[in-house]
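Observations on the model geometry
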Amino acid sequence: MTKTLKWNDLRDGSRLHAAHLFELADAAREATAAAIAGAGAGGRFINPGLAADTSVNLIQLDDDNRIVDIDNLVLLTPGGFLAELPPPRKSFVVPPDGEHLFLNLYAQDYATGAGKTEAKWEKKSPSQARGVCLAQWHPDQERLRLIPTPFTLNAMANTRQAHAELVEAASTLVGLLISGDPRVNGQLRLTPPTQHYAGSLVSALESTANLSPNTPLDVALPHYTALAIELKSWFCFVATASQGGANRGLQPDPLTRRATATRGSLGLPDYVQALEPLPRDGTELLALMDALARATVGMTRSILGERDEDPLEPIEVFEPDPWPDGSGFKYRLQAGVEVTLRCEVLFDVEPQLMWGMGQAGLLPQLRALPLERPEPGRFETTVGPFTLGPNEELVLVLDDAAAALRVYQKR
């Protein structure tokens, strides 16, 4: 239907068809969508100004059962069209055919869909202005990924909660860093002439803590990135400087700290490794915000001497006779003390990890350990609790020498 009539053209006796009403409604919606897209809010979760205690865009991804749970979704498509899925909670299960991997939402026009939102699994991501891919199932990784990001920090229940936890953790760490507590200098390897190097960490923490929940994500991301760089560089610097030898004289200036971070974070907690800036989708954003909060809390606990676990280094690495292509690791622990270890194996495919304990110098009887895969390329398991006797050693064996093993002793 051509747009031949306008509201001011209607006179007594003129007949207004339903199709004309739909046309006018869609025209207004398209004009609004164009303005929204032009302002940079297209393709984002939004908060429509509901009550403070109302959660919007509460989304949970269940990788084990391949389910996307959505409660009160309010999303703008890339073209700026409003797509809503009001309460109650709705669940979307990945189809078993292995082809429909994209959960797509469509803001329908008024003539065919009454302006409502349609959600369905499809074979590819939509390319039209009214459609947006909400989540994607990755069969190779056996996980779901959330695609859109929020427009503001409080536009998604998950990010609003994550930011609140980060603000609390950052404020606590700032208070500790400026308190004059001697444990700060000891843990961060600072001396009176080098104390000022901690100023950049304090600034990054304060600027992040001062972000309002209504801050647009694009404004908040540079602050998150700066804090991620600071935290990771400090963790890597402390770990390197603690090794002694030539590293003992390293200075905590920004360039030296950044250089130590480029060497990798092997042996450090998993949240340090997750401090990667510039998230590309919603899943990576949530992972970064979680890592920032955990790393901030972790640094506070480390300064206060409250570490939950410490990296454990083997006293010997050997080639086990029954597994010529594998690697063996021997550990000497305090006798008579109950010990629990957490092991991480870095490898593309699941290897076999075995453990046993016995007299020093002998290969004990080994038992296989079940491995879990929290993320692609990383497997995890727990050993213990167990207690070594006098002159006993713990032995761990990997059946593939190409796999990397990290062991942490829980406090």
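Data block above holds the structure.
These remarks concern the structure in this document. Please read these numbers as outputs of a predicted model, since none were measured by experiment.

Details of the side chain of His 138
Examined against the element boundaries, His 138 turns out to sit in strand 9 (residues 131-138). With near-sequence residues (within four places) excluded, His 138 lies in contact with Arg 143 and Arg 145.

Details of helix 6 (residues 217-241)
A rise of 1.5 Å per residue sets the reference length of helix 6, with its 25 residues, at 36 Å; its end C-alpha atoms lie 35 Å apart and thus fit the reference within 8%. Among the 25 residues that make up helix 6, 18 are buried, leaving the element largely enclosed by the rest of the structure.

Some remarks on the packing of aromatic side chains
Tallying each qualifying case throughout the model produces three aromatic pairs. Each ring, one from Phe 235 and one from Tyr 271, has its centre 6.0 Å from the other, and the planes form 65°; the classification is edge-to-face. Remark: Tyr 271 occurs in helix 8 (residues 270-273) and Phe 235 occurs in helix 6; sequence separation between them is 36 residues. As far as the burial class goes, Phe 235 and Tyr 271 line up, both buried. Between Trp 355 and Phe 386 the ring centres are 5.6 Å apart and the planes differ by 45°, which places this aromatic pair in the tilted class. Here Trp 355, found in strand 16 (residues 353-359), pairs with Phe 386, found in strand 19 (residues 378-387); they are 31 residues apart in sequence, far enough to count as distant. The residues Trp 355 and Phe 386 share a single accessibility class, namely buried.

Here's the deal with the pairing of strand 14 (residues 327-331)
The buried fraction of strand 14 is high, at five of five residues. Where burial is concerned, the two faces of strand 14 agree: the one with Ser 327, Phe 329 and Tyr 331 and the one with Gly 328 and Lys 330 are both buried. Pairing geometry for strand 13 (residues 316-318) and strand 14, over three bridges, is antiparallel. From the neighbouring strand, Glu 316 faces strand 14, where its bridge partner is Lys 330. Taken together, the five bridges between strand 14 and strand 20 (residues 392-398) define a ladder with antiparallel strand orientation. Bridge pairing links Ser 327 to Leu 398 in strand 20.

So, the sheet that holds strand 2 (residues 58-62)
The strand order across the open sheet built from three strands is 2-3-6, with neighbouring strands paired in antiparallel fashion. In this open sheet, the two edge strands, each paired with only one partner strand, are strand 2 and strand 6 (90-93). Strand-to-strand twist across the sheet, computed as the mean angle between neighbouring axes with direction ignored, equals 15°. As paired strands, strand 3 (residues 67-71) and strand 6 are joined by four bridges and run antiparallel to one another. Its bridge partner lying in strand 6, Ile 70 is registered against Lys 90.

Considering helix 5 (residues 199-209)
Listed in full, the buried residues belonging to helix 5 are Leu 201, Val 202, Ala 204, Leu 205, Thr 208 and Ala 209. End-on view of helix 5: buried residues confined to an arc of 165°, all on one side of the axis. Against helix 3 (157-177), helix 6 and helix 9 (282-303) lie the buried residues of helix 5.

Examining the environment of Arg 301
Within the secondary structure, Arg 301 is located in helix 9. It is 9.3 Å that separates the C-alpha atoms of Arg 301 and Leu 173, two residues lying 128 residues apart in sequence.

Thoughts on the packing of helix 6 against helix 9
At a minimum axis separation of 10 Å, helix 6 and helix 9 run at an interaxial angle of 45°. Between helix 6 and helix 9, the angle is such that the two are oblique. Seen from above, helix 6 lies across helix 9 with left-handed handedness. Across the interface between the two elements, Leu 217, Leu 221, Tyr 224, Leu 227, Ala 228, Leu 231, Trp 234 and Phe 235 of helix 6 pack against Leu 285, Leu 288, Met 289, Leu 292, Ala 295, Thr 296, Gly 298 and Met 299 of helix 9.

Quick notes on the pattern of salt bridges
A full pass over the atoms with the stated rule returns 18 salt bridges. Measuring nitrogen to oxygen at the nearest pair gives 2.9 Å for the salt bridge that ties Arg 44 to Asp 218. On the criterion of sequence distance, the pair formed by Arg 44 in strand 1 (residues 44-45) and Asp 218 in helix 6 is long-range, its members being 174 residues apart. The class for Arg 44 is buried, based on a relative accessible area of 12%. Judged by relative accessible area, Asp 218 falls into the partly exposed class, the value being 47%. With its nearest N and O atoms 3.1 Å apart, the salt bridge here joins Asp 281 to Arg 145. Placement of Asp 281 in the loop between helix 8 and helix 9 and of Arg 145 in strand 10 (residues 143-146) is noted, with a sequence separation of 136 residues between them. Classification of Asp 281 by relative accessible area gives buried; the value is 9%. Residue Arg 145 is classed as buried on the basis of its relative accessible area, which comes to 11%. When salt bridges with common partners are traced through the structure, they connect Arg 342, Glu 344, Arg 378, Glu 380 and Arg 406 into a single cluster.

What about the sheet that holds strand 16?
Sheet architecture is open: five strands sit in the order 13-14-20-16-17, paired in antiparallel fashion. Every other strand in the sheet has two partners, leaving strand 13 and strand 17 (367-369) as the edge strands with one partner each. With strand direction ignored, the average angle separating the axes of adjacent strands in the sheet is 25°. Here strand 16 pairs with strand 17 via three bridges, running antiparallel. Its bridge partner lying in strand 17, Leu 353 is registered against Leu 369.

Thoughts on the pairing of strand 2
Here five bridges tie strand 2 to strand 3, and the two strands are oriented antiparallel to one another. Bridge pairing in strand 3 places Leu 61 opposite Val 68. Count of turn residues in the strand 2/strand 3 antiparallel hairpin: four residues, of which Arg 66 carries a positive phi of about 55°.

Each value, and the rule that gives it
Residues numbered from 1 in each chain as written. Predicted model: local features only at pLDDT ≥ 70, side-chain atom pairs only at ≥ 80, totals over all residues. Heavy atoms only, no water. Helix = DSSP H or I, 4+ residues; strand = E, 2+ residues; numbered from the N terminus. Contact = heavy atoms within 4.5 Å. Expected span 1.5 Å × (residues − 1). Buried < 20%, exposed > 50% of the residue type's maximum accessible area, 1.4 Å probe, protein only. Phe/Tyr/Trp six-rings, centres within 6.5 Å; stacked < 30°, edge-to-face > 60°. Pairing = 2+ DSSP bridges. Axes fitted to C-alpha atoms, helices over the stretch in contact; angles between N-to-C directions. Arc of directions from axis to C-beta. Parallel < 35°, antiparallel > 145°, perpendicular 65-115°, else oblique. Left-handed = near helix turned anticlockwise from the far one by under 90°. Salt bridge = Lys/Arg side-chain N within 4 Å of Asp/Glu carboxyl O.

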